[in-house]
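Notes for the structure review
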Amino acid sequence: MQTKGPLPGFRDFYPEDLARRTAIFRAWRAVARRYSFVEYDGPPLEPLELYTAKSGDEIAGQLYSFEDKGGRAVSLRPEMTPTFARMVAARANALPKPVRWFSLPQLFRYERAQRGRLREHFQLNVDIVGEPSELADAELLCVAIDIMRELGLGPNGVRARVSDRRLLNALLAAIGVTEGQLGAVYGVLDKIERQPHEISREKLEAVGLVPNQVERVMALPDISSMDDLDRDFGHVEAAQPAIAQFGRYLGHLHALGVEAWVDVDLSIVRGLAYYTGTVFELFDARGELRAICGGGRYDNLLGQLGGVDLPALGFGMGDVVLGELLKEHGLFDDGLAEGPDFWVVSSEHNAPATVLRAAAALRRLGYAAEYVLNEEKLRTQKSSAQIKSAERAGAAWLMVLRDDARAEVRPLSRAPGAPARDGTEIVLHDLLDPERGFAALAEAGVPAPRED
RNA sequence: GUGGCUGUAGCUCAAUUGGUUAGAGCACCGGACUGUGGCUCCGGGGGUUGCGGGUUCAAUUCCCGUCAGUCACCCCA
């Protein structure tokens, strides 16, 4: 039933949903920082021309754009790169190179929603500016792969498919593909897995490739190693620099310890035209979902967008497909319950106000504390019923009041059917002093409060 | 934007060839088990069957439209 709810393609985040999102964000930030990237952000709403100027009308049809009350043509951001380019360009001379920035923007597009593709999503953006070395390319991909590792996904669950446009251009030139045919050939390679080979061949013939050229293009996706490259193109003098460069890239990935994830795949093209060098995509190993992540080197884009001639590379990783994959692998099950640290239970021997004082003291110490939020129940409800509430709330510890001066502290969780364990008695007054309070709780086995 | 499939309680699903007041489990709320627990038992709230029209004595069921979801195409930052 769907009478009211979020707009099509938008999501409500219930606490359990937000907990999953937060888990993804945590992994993103943790790994990015581990590689010494720093976080930035920009406006979610930008001038429309920021996006139409770059690639013409290519994505204009999918922009979530409108006119604001001041008559300005504006758009919710569909991607972060133009904003990033503007910000970097504005301080290009002052920033130490290479620039290593990341961001977690919420992005928007206006198109029909389908699985893994909504009108709104969060996308980690990681970019490096000012470094032409393939060491930077390797570092960048390593970040993306390390995030998979951080989330519990190994080489059996996720594959990184890598290619390089400079390499591909060199190989296509060796085959005899002309500049004018390049775009069409890219298109065929991009779809070669999803489209019958007959169609691919027809399209290649349609742009003027002779049968021998068609077969050599169709064979490019079979190249999966440096050995394959040497075998098929080792004799082509003009292709050697690009082949060697790609080899260095793979070598760095090996040294960084992520080689097990990486597959050479020359059919990885990436849709947008601005990539100039390495390109890569991360996929679930079963190939059931859309790409988890995509990126590469775009050495000319900062010049076009921001007017500064700096090499750059980056990737985007969305939360939607990633979330589906984590759900499939059952990696979302733990750590979702955010219950209180303590549940304070009243007894017939204490005044209700004592419950409030005990909870307040725990909270001042930094613990999350809860109790039955109903005065009548606080006076009369049996402790068994209160403990039942504590369980449902997911509390970690019970503080059962003995009277107005003392309480028993014990862990709530226990094996089903096991008898209740005896707790440790503490003096409530001790909680008012941090030093004595933490000491008393430590004696009962309670860890220090979490800080986050 | 184009086409296919699907819409019944918060969730998963029932309801005879079209037939009376649309049911169950889980979840939620309350209570009992006469003061330290996941069990068990009892009770309760909750639906204009997505919405609107049509056919019919009668529509959850058949037809049309619409909205939403989903899949494919287009596209993919």
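Structure report, in brief.

Rules of the game
- Just so you know, the residues in each chain are numbered from 1, in the order the chain's sequence is written.
- Lettering for chains starts from A, numbering for ligands starts from 1, and both go in the order in which the items are written.
- A pLDDT threshold of at least 70 governs which residues receive local features in this predicted model, and a stricter bar of 80 or more applies before side-chain atom pairs are shown or counted, although totals over entire chains, interfaces and linings include all residues.
- For side-chain calculations, the full set of non-hydrogen atoms in the structure is used, while hydrogens and water are omitted.
- Think of it this way: any DSSP run of H or I at least four residues long counts as a helix, any run of E at least two long counts as a strand, and we number them from the N terminus.
- The term salt bridge refers to a side-chain nitrogen of Lys or Arg lying within 4 Å of a carboxyl oxygen of Asp or Glu.
- Each residue gets one of three labels from its accessible area relative to the maximum for its type: buried under 20%, exposed over 50%, partly exposed in between, using a 1.4 Å probe on protein chains only.
- Contacts are assigned to residue pairs with any non-hydrogen atoms lying within 4.5 Å of each other.
- The term polar contact refers here to a pair of N or O atoms within 3.5 Å; inside protein, the definition further demands a hydrogen-donor-capable atom paired with an acceptor-capable atom, and it admits residues adjacent in sequence only when both atoms are side-chain atoms.
- The pairing criterion is simple: DSSP has to find at least two bridges between the two strands.
- Helix axes are fitted to C-alpha atoms over the stretch in contact, other axes to C-alpha atoms as well, and angles between N-to-C directions run from 0 to 180 degrees.
- Only a pair of cysteine sulfur atoms within 2.5 Å qualifies as a disulfide here.

1. What to know about unusual backbone geometry
Lys 97 connects to Pro 98 through a cis peptide bond whose omega is -5 degrees. Its location among the elements puts Pro 98 in the loop between helix H3 (81-90) and strand S5 (99-103). Not every positive phi belongs to a glycine, and Ser 36 is a case in point at roughly 70 degrees. Within the secondary structure, Ser 36 sits in the loop between helix H1 (15-34) and strand S1 (38-39).

2. Description of the pattern of salt bridges
What the rule picks out here adds up to 34 salt bridges. Asp 146 is the salt-bridge partner of Arg 149, the closest N and O atoms lying 3.0 Å from each other. Here Arg 149 and its partner Asp 146 are both found in helix H4 (residues 134-150), 3 residues apart, which amounts to about one turn of the helix. A salt bridge links Arg 231 to Asp 228; the shortest N-O distance between them is 3.4 Å. On the criterion of helical spacing, the pair formed by Arg 231 and Asp 228 is a turn pair, its members being 3 residues apart in helix H9 (residues 226-233). For Arg 231, a relative accessible area of 58% translates into the label exposed. Each of Arg 402, Asp 403, Arg 406, Glu 408, Arg 410 and Glu 425 takes part in salt bridges that share partners, so that together they form one network.

3. Re the environment of Leu 313
Of note, Leu 313 is situated in strand S12 (residues 312-318). Residues Leu 313 and Gly 295, spaced 18 residues apart in sequence, show a C-alpha to C-alpha distance of 7.5 Å. Leu 313 has contacts with Val 126, Asp 127, Ile 128, Glu 131, Ala 136, Asp 137, Leu 140, Gly 296, Arg 297 and Tyr 298, leaving out every residue within four places of it along the chain.

4. Considerations on the environment of Asn 350
Here Asn 350 lies in the loop between strand S13 (342-345) and helix H13 (352-364). Taking the C-alpha atoms as reference points, Asn 350 and Leu 401, 51 residues apart in sequence, are found 7.0 Å from one another. Ignoring sequence-local partners within four residues, the contact set of Asn 350 consists of Val 355, Leu 401, Asp 403 and Asp 404. From its side chain, Asn 350 meets the backbone nitrogen of Ser 347 in a polar contact 2.6 Å long.

5. A look at the side chain of Ser 163
The residue Ser 163 is located in strand S8 (residues 158-164) in this model. A residue is classified by how much of its surface remains accessible, and Ser 163, at 1% relative accessible area, is buried. Setting aside chain neighbours within four positions, we find Ser 163 in contact with Phe 246, Asp 265, Leu 266, Ile 268, Gly 277, Thr 278 and Val 279.

6. Thoughts on the sheet that holds strand S4 (residues 73-76)
Within the open sheet, the 3 strands sit side by side as S2-S4-S3. Their pairing is antiparallel. The open sheet has two edge strands, strand S2 (45-47) and strand S3 (65-67), and neither has a second partner. The mean inter-strand angle of the sheet, taken between neighbouring strand axes irrespective of direction, is 35 degrees. Sheet topology places S3 next to S4; 3 bridges connect them, and they run antiparallel.

7. Side note on the pairing of strand S7 (residues 120-129)
Within S7, 10 of the 10 residues are buried, leaving the element largely enclosed by the surrounding structure. Alignment of strand S6 (residues 106-108) against S7, held across 3 bridges, turns out to be antiparallel. Its bridge partner lying in S7, Gln 106 is registered against Phe 122. As judged from the 7 bridges shared by S7 and S12, these two strands associate in the antiparallel manner. Each residue of the ladder has a partner; that of Val 126, found in S12, is Phe 315.

8. Some words on the state of the cysteines
One pass over the full model with this rule turns up 0 disulfides. You can see Cys 142 has no disulfide; the closest cysteine sulfur is in Cys 293, sitting 12 Å from it. Overall, the relative accessible area of 3% leaves Cys 293 in the buried class.

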